[in-house]
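Listed below, chain by chain, are the residues.
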Amino acid sequence: MDFFHTVYGLRVQANQFIPGLEPLSPIGIADICVSLQSWPSLEYEREGSEHWYTSPFLDSEGQPTVKAWRLSSGSYFKLCYSDGAEFILDGAGTRIWARWSSPLILEDIAVYLLGPILGFVLRLRGMTCLHASVVCVANNAIAFIGPGGSGKSTTAAGFTKLGYPILADDVAALKDNGDSFTVQPGYPHLRLWPSSVQFLYGHSEALPRLVPKSTWDKCYLNLSETEQNFQQDELPLTAAYFLDERANDSAAPSIHSLSPGDALMRLVSNSYANYLLDRNLREREFLLLTRLSRSIPMKRLVPHTDSDCLLDLCALVLDDLVEQSQ
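Values in this document were obtained by computation on a predicted structure and should not be read as measured data.

Trainee: Explanation requested: the nonpolar core in the structure shown.
Mentor: Side chains of a nonpolar character, in soluble globular proteins, are inclined to be buried together. Counting 43 residues, the largest nonpolar core has Phe87 and Ile96 as its most contacted members. Elements represented by at least two residues in this core include exactly strand E2 (10–14), strand E3 (32–36), strand E5 (66–71), strand E6 (76–81), strand E7 (86–90), strand E8 (95–99), helix H1 (106–124) and strand E12 (171–176). Examining the composition of this core, we find that twelve residues originate from one element, H1, more than from any other. Every residue in contact with Phe87, bar those within four places of it in the chain, is listed here: Trp39, Phe77, Lys78, Leu79, Tyr81, Ile96, Trp97, Ala98, Ile109, Tyr112, Leu113 and Ile117. Formed by 27 residues, the second largest nonpolar core is a distinct cluster that contains Ile142, Leu301, Leu310 and Cys314.

So, in structure tokens, the structure goes:
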């Protein structure tokens, strides 16, 4: 039995249900076929293997968190994570195979699939992605951009408390329309650390863990439980805020203007899965991000160190958006 989903504007067919996505009725021809706990019996693993990338980040045992190989002159790619998760992708971005062993479970694999794996697939399909969480305000996509730990998901969760839907969490897939950009809907989950859950919902265990019985304690807010919390259609990207380091002073939270040049440099450093891009993909991405930096307002957003100021930050952004529309 196959399962069908949509994510990042793509139709996905999988041989197992993918946690974090909503099941759909059969959707015709899929854009991507996912084979879980399955491995292709092809000779390219032994022929034409080229080391592509080794992560500079190390796990608790001092091993690189991920390694990647380019196979058969780019016809396929292989990614191996230090915890034992392995993936093969075809160069056209239409097939994904995954395998793993205990203690990993399907939910672990789904974390990789919905993040770096599909992020790379989108790149192979010619789509640029930002490391951003995106909220819907007045039928527009508003992006909060920054590296891991900068508070993207927490900021988005603040907007859900005010009744604004989420369009994407962590991965913002951009569709280039020539003179504008739209953001594709991600998945109906918002991933939060227990400290954020504690502040937002009164208890660090108020939300379920992303991976049950795991030492990784990140949780998730199920956005599909109430229809208004997840935006299921693509929206035009009309503003972007880069999350800066938190400040502990009377001025925070605060918003600061950025020149197109500064905005471009921040976009380049916060594009998603950019470590896997070859020279041609990097050049194409740079040109696209240059156009993006000049097409919409982009500002620097400084949160306060005090979590109690989160809704003040959301109100500040909403006021700024009103000013931009006038």
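Trainee: Explain the packing of helix H2 (residues 152–161) against helix H6 (residues 310–325) to me, please; I cannot follow it from the model alone.
Mentor: Geometrically, a packed helix pair is captured by the angle between its two axes and the distance between the axes. Running from N to C, H2 and H6 point in directions that differ by 80 degrees, and their axes come no closer than 9 Å. Taken together, the axes of H2 and H6 lie roughly perpendicular to each other. Every residue of H6 that contacts H2 at Thr154, Thr155, Gly158, Phe159 and Lys161 is listed here: Leu310, Leu311, Leu313, Cys314, Val317 and Leu318. Here the contact of H2 with H6 is composed, by residue class, of seven nonpolar, three polar and one charged.

Trainee: Looking at this model, I keep getting lost on empty space enclosed by the protein. Mind explaining?
Mentor: Which parts of space are left empty comes out when a probe the size of a water molecule is rolled across the atoms. Following the criterion strictly, the structure yields one cavity of 30 Å³ or more and no others. Estimates place the volume of the largest cavity at around 40 Å³. Element by element, the count of residues in the lining of the largest cavity is highest for H1, at three residues.

Trainee: Quick question: what am I supposed to make of a nonpolar patch on the surface here?
Mentor: Judged by side-chain polarity, Met265, Phe286 and Leu287 come together as a nonpolar surface patch covering roughly 320 Å² of accessible area. In this structure, Leu287 sits in helix H5 (residues 279–295).

Trainee: Got a minute to help me understand the side chain of Ser293 in this structure?
Mentor: With respect to the helices and strands, Ser293 occurs in helix H5. Among the residues examined, Ser293 registers a relative accessible area of 6% and is labelled buried. Ser293 has contacts with Pro260, Ala263, Leu264, Leu267 and Met298, leaving out every residue within four places of it along the chain.

Trainee: Explain the sheet that holds E3 to me, please; I cannot follow it from the model alone.
Mentor: Whenever strands of a sheet pair, they do so through backbone hydrogen bonds, lying parallel or antiparallel. Strand order in this open sheet of eight strands is E1-E2-E3-E8-E7-E6-E5-E4, and the pairing throughout is mixed. Whereas interior strands pair on both sides, the edge strands pair on one side only; in this sheet they are strand E1 (3–7) and strand E4 (50–54). Sheet twist, expressed as the average angle between the axes of neighbouring strands with direction ignored, equals 20 degrees. Across four bridges, E7 lies against E8 in antiparallel orientation. Looking at E8, one finds that Glu86 is bridged to Arg99. Strands in contact with H1 are E1, E2, E3, E6, E7 and E8; relative to E7, the strand with the most contacts, it is inclined by about 30 degrees.

Trainee: What exactly am I supposed to notice about the packing of aromatic side chains here?
Mentor: Geometrically, a pair of aromatic rings is defined through the distance of the ring centres and the angle of the planes. This model, assessed by the stated rule, comprises eleven aromatic pairs. Plain terms: the ring middles of Phe77 and Phe120 are 5.2 Å apart, the flat faces sit at 80 degrees to each other, and that makes the pair edge-to-face. With Phe77 in strand E6 and Phe120 in helix H1, the pair connects residues that are 43 residues apart, well separated along the chain. Under the relative-accessibility criterion, Phe77 is labelled buried at 7%. Pairing Tyr81 with Phe87 gives two aromatic rings, centres 6.1 Å apart and planes at 90 degrees, and the pair type is edge-to-face. Classification of Tyr81 by relative accessible area gives buried; the value is 10%.

Trainee: Help me understand unusual backbone geometry, please; the structure alone is not making it clear to me.
Mentor: Across residues other than glycine, the phi torsion is negative in most instances, and most of the peptide bonds are trans. The residue after Ser102, namely Pro103, is reached through a cis peptide bond having omega 15 degrees. Along the chain, the position of Pro103 falls in the loop between E8 and H1. In this structure, the amide linkage connecting Ala252 to the following residue, Pro253, adopts the cis form with an omega of 0 degrees. Tracing the sequence through the fold places Pro253 in the loop between strand E16 (235–243) and strand E17 (254–257). Its identity as a non-glycine residue notwithstanding, Tyr8 has a phi of 55 degrees, on the positive side. Tracing the chain through its elements places Tyr8 in the loop between E1 and E2. A relative accessible area of 2% means that Tyr8 is categorised as buried. A positive phi angle, near 65 degrees, is found at Asn139, a position not held by glycine. Relative to the assigned elements, Asn139 resides in the loop between strand E9 (129–137) and strand E10 (140–145).

Rules used in this analysis
Residues numbered from 1 in each chain as written. Predicted model: local features only at pLDDT ≥ 70, side-chain atom pairs only at ≥ 80, totals over all residues. Heavy atoms only, no water. Core = buried A, V, L, I, M, F, W, Y, C linked by side-chain atoms within 4.5 Å. Buried < 20%, exposed > 50% of the residue type's maximum accessible area, 1.4 Å probe, protein only. Helix = DSSP H or I, 4+ residues; strand = E, 2+ residues; numbered from the N terminus. Contact = heavy atoms within 4.5 Å. Axes fitted to C-alpha atoms, helices over the stretch in contact; angles between N-to-C directions. Parallel < 35°, antiparallel > 145°, perpendicular 65-115°, else oblique. Nonpolar A, V, L, I, M, F, W, Y, C, P; charged D, E, K, R; others polar. 1 Å grid on protein atoms, 1.4 Å probe; cavity = no way out; pocket = protein on both sides within 12 Å on 5 of 7 lines; lining within 4 Å. Points joined across faces, edges and corners; volume = space filled by probe spheres on them. Patch = residues over 30% accessible without salt bridge, like charges linked within 9 Å, V, L, I, M, F, W, Y side chains within 5 Å. Areas by Shrake-Rupley, 256 points an atom, 1.4 Å probe, with all protein chains shown as cover. Salt bridge = Lys/Arg side-chain N within 4 Å of Asp/Glu carboxyl O. Pairing = 2+ DSSP bridges. Phe/Tyr/Trp six-rings, centres within 6.5 Å; stacked < 30°, edge-to-face > 60°.

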